[in-house]
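Tertiary structure, described
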Amino acid sequence: MSEKQSQEARETDRRITIRWKGMLALSIIFIALGLFVDWPPPQETSVPNTSSFLIILGGLLGAVGLLTALRGE
């Protein structure tokens, strides 16, 4: 049973690693889109700029990815 449990633990660690790496990659993509793409201004004044939204979303996703990485290790 211990070999099966250790194999399941390795599989869980592998999945967690894939998730935090994916979150960090998405955060980099969102931040790059927010910084380098020239988005048109919003039609409504109550809606935030697309670039600001993408930068904030990328920052939050990056923070979650880093916290997941720290929790996994």
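What comes next is a walk through the structure.

**A closer look at the side chain of Ser27**
- Within the secondary structure, Ser27 sits in helix 1 (residues 2-36).
- Overall, Ser27 belongs to the buried group, its relative accessible area being 5%.
- With near-sequence residues (within four places) excluded, Ser27 lies in contact with Gly58, Leu61 and Gly62.

**Some thoughts on the environment of Ile56**
- Mapped onto the secondary structure, Ile56 falls in helix 2 (residues 50-72).
- Ile56 sits 22 residues away from Gly34 along the chain, and the two C-alpha atoms are 8.9 Å apart.

**Some points on the side chain of Thr68**
- Relative to the helices and strands, Thr68 is located in helix 2.
- The class for Thr68 is buried, based on a relative accessible area of 18%.
- Aside from chain neighbours lying at most four places away, what touches Thr68 is Ile16, Trp20 and Met23.

Conventions and cut-offs
Residues numbered from 1 in each chain as written. Predicted model: local features only at pLDDT ≥ 70, side-chain atom pairs only at ≥ 80, totals over all residues. Heavy atoms only, no water. Helix = DSSP H or I, 4+ residues; strand = E, 2+ residues; numbered from the N terminus. Buried < 20%, exposed > 50% of the residue type's maximum accessible area, 1.4 Å probe, protein only. Contact = heavy atoms within 4.5 Å.

On their own, these measurements won't tell you what the molecule is for.
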